[in-house]
Amino acid sequence: MTNGAARPAERPRNAPRRLRRHATWLTALVVAVTLGHLWLTGEVAERLQVDPGEEARRIQRMEAVYVSEMRLTAPPVAAAPPAPPPAPRRAPKPRTKPKVAPPPAEAASAPLDPASAVAQAEAASEAVSEAALADEASAAQAAASAASPPVSVAAASAPTSVAAAASTPSQAASAPGFVWPTAARVRFKMTGNYRGPIQGQAAVEWVRQGERYQVHLDAIVGPSFAPIGSWNLSSQGRITPQGLQPERYENVNRLLIRSGKPKVVQIDGDEVQLPDGSRVPRPPALQDPLSQMIHLAYQFITRPSLVQAGQRIELPIASARKIEVIAYDVLGEEVLDTPIGAVPTVHVRPRRLVEDNNNLSLELWFAPGLQYLPVRMMLRQGDANFMELRMNGAPQMGRPAAVNGAGSVPAP
């Protein structure tokens, strides 16, 4: 009993020492966590730090408000790029008034009839006037024919067959005329393989203000609420009668908290500056990896015969590494099963004239009934890495809302 009664008296005497020991360990733990947090925050800030000068040069994105969904219609029709002006016509030589044969001579003794002389003069004058009017009408018709550019036509009926739609001029009158949209967006479901299976979502956005355009491709790897990476491409430039004329292209990759340095292609006048700083001559009709999609669609709209299987379009492309010419083979019509139903498409596959497994290749499926927007894309790099994007809803149509910061352009 004595020993048992003494034990409760010892506990209060040892409790403060134990509490002090626990407090010391707790303080050390808090200090360690705080120091680790500060170190990690600094590391993250250092990795995410962006050069202010580079950020100021980045493309200032045009924002858009989307108000409706696009429905399948007949392929749009547009006139081909204007032909060069005809050679100046030589001025016609001035016409001399035809000589009127004098009336047959009469006997000197015969009297002159005034009424007959007046009638002969009036008839001669009318003949000269009719000949002059006929010559003027012929010249005007010839000039109008020489000045009128040729017009390409496509089918107006529902696009049950892309090839038939592109070769039925009798129905072209009811086909919708092509006008560059002010804003359009296509959303995609993304699957693929890059060091293992990947999945995510992506969107391609087109925005126009006046003659200025922007195209963006934004892809997220992983679930939207906890992405593990992203990929953002942007192209900016001008719209011309021949198609797109890009001026700047940007490629930004992000993986977790690490942001890669943007790879920028700058196109100024007759020169192209690649991401490594080298400058090379600019070839005609140059496109970048993103503008090529919209530029190819415009070629199909202005030249409907190109949708026929076996056709080929060659374009120089300025990528992040170099400028190379890529041949796009038209494989023909392919009907895709999409969330909005069966959609006829034109299947286009790129072919490098010089093989290089390190560069990306972009295989495309254009939908004529959706203003030739791409509804499926396949990006490949070598034999193992690929990324497939399939449309997961109706394309959206909208209007520009604003332009952020510097680089704003006036609304049309």
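Since this is a predicted model, take the numbers as computed values, not measurements.

Visitor: Pulling in residues and values, what's your account of unusual backbone geometry?
Guide: Positive phi outside glycine occurs at Ala285, with the angle close to 60°. Mapped onto the elements, Ala285 comes out in the loop between β10 (279-281) and α5 (291-302). A relative accessible area of 48% places Ala285 in the partly exposed class.

Visitor: Give me the pattern of salt bridges: which residues, what numbers.
Guide: Taken as a whole and judged by the stated rule, the model has 13 salt bridges. Between Asp218 and Arg61 there is a salt bridge, with the nearest N and O atoms lying 2.7 Å from each other. On the criterion of sequence distance, the pair formed by Asp218 in strand β4 (residues 212-221) and Arg61 in the loop between α2 (52-57) and β1 (62-69) is long-range, its members being 157 residues apart. Among the residues examined, Arg61 registers a relative accessible area of 25% and is labelled partly exposed.

Visitor: For the confidence of the model for the protein, give the residues involved together with the corresponding values.
Guide: Averaged over every residue, the pLDDT of the protein is 74; residues scoring 70 or more account for 57%. The secondary-structure element of the protein with the lowest mean pLDDT is helix α3 (residues 114-147), recorded at 43, while α5 shows the highest, at 96. Per-residue pLDDT stays below 50 along residues 124-160; that stretch engages in 46 contacts with residues further than four places along the chain or on separate chains. The low-confidence segment residues 169-173, where pLDDT is below 50, has 7 contacts with residues more than four positions distant or belonging to other chains.

Visitor: Account for the packing of aromatic side chains, naming residues and giving values.
Guide: A complete count under the given rule lists 7 aromatic pairs for this structure. The interplanar angle of 70° and the centroid separation of 5.3 Å between the aromatic rings of Phe178 and Trp180 together place this pair among those described as edge-to-face. Of the two residues, Phe178 and Trp180, both sit in the buried class. Put simply, the rings of Phe178, Trp180, Trp206, Tyr213 and Tyr298 pair up and form one aromatic cluster. In this structure, Arg376 is placed above the aromatic ring of Trp365, and the distance from its NZ or CZ to the ring centre is 4.1 Å.

Visitor: How would you sum up the environment of Val335? Please name residues and give values.
Guide: If you trace the backbone, Val335 turns up in strand β12 (residues 323-338). A relative accessible area of 47% places Val335 in the partly exposed class. In this structure the C-alpha to C-alpha distance between Val335 and Trp365, which are 30 residues apart in sequence, comes to 9.6 Å. Not counting chain neighbours up to four residues away, the residues in contact with Val335 comprise Ala342, Val343 and Pro344.

Visitor: Break down the nonpolar core for me, with residues and values.
Guide: Side chains of a nonpolar character, in soluble globular proteins, are inclined to be buried together. One finds Phe300 and Met377 to be the most contacted residues of the largest nonpolar core, which totals 64 residues. It is α5 that contributes the most residues to this core, 7 residues altogether. Leaving out residues up to four positions away in the same chain, Phe300 has contacts with Leu306, Val307, Ile313, Val330, Val346, Val348, Phe366 and Tyr372. Formed by 5 residues, the second largest nonpolar core is a distinct cluster that contains Met62, Ala64, Tyr66 and Val207.

Visitor: I'd like to hear about the pairing of strand β15 (residues 373-381), residue by residue, with values.
Guide: Most of β15 is tucked away, with 7 of its 9 residues classed as buried. Pairing geometry for strand β14 (residues 361-367) and β15, over 7 bridges, is antiparallel. Across the sheet, residue Trp365 finds its bridge partner in β15, namely Arg376. Between the antiparallel neighbours β14 and β15 lie 5 residues, among them Gln371 with a positive phi of about 55°. The pairing of β15 with strand β16 (residues 385-391) spans 6 bridges and is antiparallel. The partner of Gln381 across the bridge, within β16, is Asn385. Where β15 hands over to β16, the hairpin turn is made up of 3 residues, of which Gly382 adopts a positive phi near 70°.

What counts as what
- Position labels on residues start from 1 in each chain and follow its written sequence.
- With the structure being a predicted model, the display of local features is reserved for residues of pLDDT at least 70 and the display and counting of side-chain atom pairs for 80 or more, all residues being used for whole-chain, interface and lining totals.
- Side-chain numbers here rest on the full set of heavy atoms in the structure, without hydrogens or water.
- Each helix is a run of H or I in the DSSP string that is no shorter than four residues. Each strand is a run of E no shorter than two, and both are numbered from the N terminus.
- Relative accessibility thresholds used throughout: buried, under 20% of the residue-type maximum; exposed, over 50%; partly exposed, between the two (1.4 Å probe, protein chains only).
- One side-chain nitrogen of Lys or Arg within 4 Å of one carboxyl oxygen of Asp or Glu is enough to make a salt bridge.
- Confidence scores labelled pLDDT are given residue by residue by the predictor and lie between 0 and 100.
- Two residues form a contact once any of their heavy atoms are found within 4.5 Å.
- Any pair of Phe, Tyr and Trp rings, taking the six-membered ring for Trp, is counted once the centres come within 6.5 Å. Such a pair is stacked with planes under 30 degrees apart, edge-to-face with planes over 60 apart, and tilted for the rest.
- We call a charge positioned above a ring when the Lys NZ or Arg CZ atom is no farther than 6 Å from the ring centre and deviates by at most 35 degrees from the ring normal.
- As used here, the term nonpolar core means buried Ala, Val, Leu, Ile, Met, Phe, Trp, Tyr and Cys residues forming a set that is joined through side-chain atoms within 4.5 Å.
- For two strands to be treated as a pair, DSSP must find at least two bridges joining them.

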